[in-house]
Structure formats: structure tokens, C-alpha cells
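Secondary and tertiary structure notes
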Amino acid sequence: MTIYLDRPIISQEMIDAAVYSLQNEYPLFGESIAKFEEEFARYCGTNYAISVGSGSDALMISLIAISVKGKHVLTTPMSYVATANTSFHAGATPFFADVQENGNINPKEIGKKLKKDKKIKAIVPVHLHGYPAEMAEIMELACKKEIAIIEDACQAHGAKYFGKRAGSMGLIGCFSFNPVKNMSVGGTAGMVVTNDEKLANKIKMLADAGRKDVYSHEHELIGFSSRINSVNAAIGRIQLRELDGWNEKRRGMAEEYRKRLSEIEWLQTPDCDENIEPVYNKFAIRTARREELREFFSNNDIQSDGHYKIPIHLHPPYRKMGYKKGDFPMAEKFADTILSLPLHPNITLEEIEEVCSKINEFGINKK
Ligand SMILES: Cc1ncc(COP(=O)(O)O)c(C=O)c1O
């Protein structure tokens, strides 16, 4: 039987909520949407949450809201492409600072870039695999230069950094609810969180064709059609209630992996600082033998994948801009050695044991 890398969860309660919404709510602007936003904001500890069509839209609309057009945005080369692509969509140019050992953006590299580039208007740190970036140092650097921080928390719903939720520390936090995230909505959607009332209103308008409210015939901004539907919001509300429990299960299973794998000398398990509560959107080991191991897993019906096997600057559009191998050595090394193991709230201890026993078998056979 296949051991899955991740598995979206749709319970009977979620199906019932979806059916209720379909039968009783208007598909757009339904009561479930307002409630989902209110509950998500409360969960993150922010004053506002605005639902949008995707995590990518959350980032793009946030960048537009803070007027990055013609400016530079500093981000990490080790992420999903949307992290950087959205700067282009917002009329800005993304630039990169290399990562540290755990794959998150390195504050020291940010410092170097900020010294040289006076056009940087925003920093987009990513909490890669659900492990919060070095927010204290990043915020200090940004604060000195009055640069906005937009947290890409698309993989980090519920993660904590010194007690604060991912997404709640910067000026704006962005989330994705696509099916491989720690919580979803039975489809795709995103959320923006902030404490800034003016920005919240602007983001809401931008996501809804630029109008102040749904009854308005006047469109004050050049906006987008980036909305969540009521059915997805109804499902999202229930997933949000489950989120802490699911994250706890992910952490528990990550520990089980760690216990079984930490003695193996040819791989590294991810470290965890005591002030961090990660949510393990991915449990990613590092090994120079990544490709061989991945093939061995695949032959044994175990799913695995590299997140991310290609750093952003080496994707074709970025290569065309002049980026090349060697520009961000830490991110490139990370990309060559990273391998995500199966992990989701419904994974069983037997499955974890099977994955670990196959890793041991691989190690013995390939010595
Ligand atoms: C770090 C990161 N940023 C942005 C996104 C984009 O989110 P979406 O797929 O909802 O557009 C994702 C989702 O894959 C992501 O993992």
C-alpha cells in the first residue's frame, strides 16, 4: 500500500457544512466567509483577516497594497516560485538573499543586500516547511530602514516564534489553503492578515474588483476578482478548529522520525530551537544521496519529494534574467540534498516505522 507524502482531510462534518452552505448561503459573500475571516484573525492574533483566491494572490495583493511598483522586494531563493513571481505581478523586481542551514532566509545576507540596495521596499521571509524564519533579526533590520515585512506564511499555519503566530509579526502575513497545506478549504484559497486597518481595507477592495463594498457600483481601485466562495469558507472554518490538533500530530510524528533517524550518519534530520513551535508542513531530511533514496522509496511505494529541488533563481525565467548556478550556494546545496518524507495528521506509527526501516535497508544495501 502506498505511503503518501501528504493527504488532504475532508471529514463528514466538513461535507455536511459544505452541503449546508450550498443549500443555504449565497455562493459569494456568504456568512461563512465573514466568520472564517473573523476566526482566522483571532487564531493568528491579528485585528484583520481578508480572504482571497490563493496564497499567490495574498502575496501579490499585499505587495500592491503597499505600493511596491518600480521598487525592489527582497526574498529567499528557497521557496515555491510564487514567493518571488508575485513581486513581478505587483510591478516590482524580486531580489534574493541566500539561506542559512535550515533553508530559511539568512538575516546576515539580508543585511548585506540592504546596505547595497536602497530601492528595497519590502522583505518577504518564508517560514519554509512550517519552521519560522529568524523574525527578530529580520524585523530589526527592516525597522531600521523602514522596510515593510510581508511574511509568506503559506506553509506555516499555526507555527509559533517566541510565542507569536507565523503571519502575525510582520506588517502583513500571507497564507495559502491549497490542498497540501496544514489546513485547506476543500479547494484553493488564501488569507491575508494584518493589524493595519487602512491596509486591511485596501486589500479587501483590491481583492474585490476595487470597490468599497459589494453594493457599490463605483470601483475606486484597479482591483482583482480574488475571492473565496462560501462553501470553501464553511469547510475552512472546520479545518481551522482542527488545525492545532493536526499540528500536534505532525510534531509528534516528526519526533518519531527524529528518534529513529538521528543516528544515521549519511542523513540529517531538521533541528528545532526550543523557542520555536514548528508545524512541519514538510519533514525534510538532507542527504547527498537524495536521488538514489528517492528512487528506492518510489520502488517501494513510498512517496517523497524535494521541496524545493530547483531554487527560484534557477527556474528558466530567472535564468533569462541572468541568474546562474553559484549565485546562492547555500540555497543550491539545500536544493540538491533536501527530501521531504511522508507526513500528515493521519499518518500512522506503522507507516513511519516502515519509512524508517526502508531508509535503514537503503543504507545497508548501498554502503
Ligand atoms: C511558500 C509558499 N508561498 C506561496 C504559495 C502559493 O500559494 P497558492 O498555491 O495558494 O497560490 C505556496 C503554495 O504552494 C507556498 O508554499
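The structure presented is a predicted model; accordingly, all values stated were derived computationally and were not measured.

1. As for the side chain of Q239
Here Q239 lies in helix α8 (residues 230-261). In this structure Q239 comes out as buried when scored by relative accessible area, which is 3%.

2. Focus on the state of the cysteines
Per the counting criterion, the structure on display carries zero disulfides. Counting only cysteine sulfurs, C174 is the nearest neighbor of C44, a cysteine outside any disulfide, at a range of 11 Å. Just so you know, C356 is unpaired, no disulfide at all, and the nearest cysteine sulfur is the one on C272, 18 Å from it.

3. Quick notes on the packing of helix α3 (residues 55-65) against helix α4 (residues 82-89)
Between α3 and α4, the shortest axis-to-axis distance is 9 Å and the interhelical angle comes to 40°. The orientation of α3 relative to α4 falls into the category oblique. Every pair of crossing elements has a handedness; the one defined by α3 and α4 is right-handed. When α3 is examined against α4, the residues S56, L59, M60, L63 and I64 are found in contact with a partner set consisting of A82, T83, T86, S87 and H89. Split into classes, the residues belonging to the contact of α3 with α4 amount to five nonpolar, five polar and no charged.

4. A closer look at the sheet that holds strand β10 (residues 276-277)
Read from one edge to the other, the open sheet built from three strands follows the order β7-β6-β10, with strand pairing classed as antiparallel. The outermost strands of the open sheet, each flanked by one partner alone, are β7 (164-165) and β10. Relative to β7, strand β6 (residues 160-161) runs antiparallel, the two being bridged by two bridges. If you follow K160 over to β7, its bridge partner there is R165.

5. Looking at the nonpolar core
By size, the foremost hydrophobic cluster in this structure holds 32 residues, and its most contacted members are F36, F40, F177, M183 and M191. Contributing elements (two or more residues each) for this core: α1 (12-24), α2 (31-44), β9 (190-194) and α8. Looking at this core element by element, the count peaks at eight residues for α8. Both domains that meet at this core, namely domain 1 (12-238) and domain 2 (243-365), each give it at least three residues. Setting aside chain neighbours within four positions, we find F40 in contact with A49, F175, F177, M183, M191, V193 and L240. Listed in part, the 25 residues of the second largest apolar core include V52, A148, V192 and L206.

6. Points about the domain arrangement of the chain
On domain assignment, one finds that the chain holds domain 1 (12-238) and domain 2 (243-365). For domain 1 and domain 2, the distance between their C-alpha centres works out to 25 Å. At the interface, 41 residues of domain 1 touch 35 residues of domain 2. Its largest share of buried area at the contact with domain 2, domain 1 owes to H129, Y131 and N182, together 23% of the area lost on that side. At the boundary of domain 1 with domain 2, the tally comes to two salt bridges. We note a salt bridge from D244 to R165, for which the minimum N-O separation is 4.0 Å. Only α4, β3 (93-96) and β6 provide two or more residues apiece to the side of domain 1 that touches domain 2.

Cut-offs applied
Residues numbered from 1 in each chain as written. Predicted model: local features only at pLDDT ≥ 70, side-chain atom pairs only at ≥ 80, totals over all residues. Heavy atoms only, no water. Helix = DSSP H or I, 4+ residues; strand = E, 2+ residues; numbered from the N terminus. Buried < 20%, exposed > 50% of the residue type's maximum accessible area, 1.4 Å probe, protein only. Disulfide = S-S within 2.5 Å. Axes fitted to C-alpha atoms, helices over the stretch in contact; angles between N-to-C directions. Parallel < 35°, antiparallel > 145°, perpendicular 65-115°, else oblique. Left-handed = near helix turned anticlockwise from the far one by under 90°. Contact = heavy atoms within 4.5 Å. Nonpolar A, V, L, I, M, F, W, Y, C, P; charged D, E, K, R; others polar. Pairing = 2+ DSSP bridges. Core = buried A, V, L, I, M, F, W, Y, C linked by side-chain atoms within 4.5 Å. Domains from an automatic or database assignment. Buried area = accessible area lost by both parts, 1.4 Å probe. Salt bridge = Lys/Arg side-chain N within 4 Å of Asp/Glu carboxyl O.

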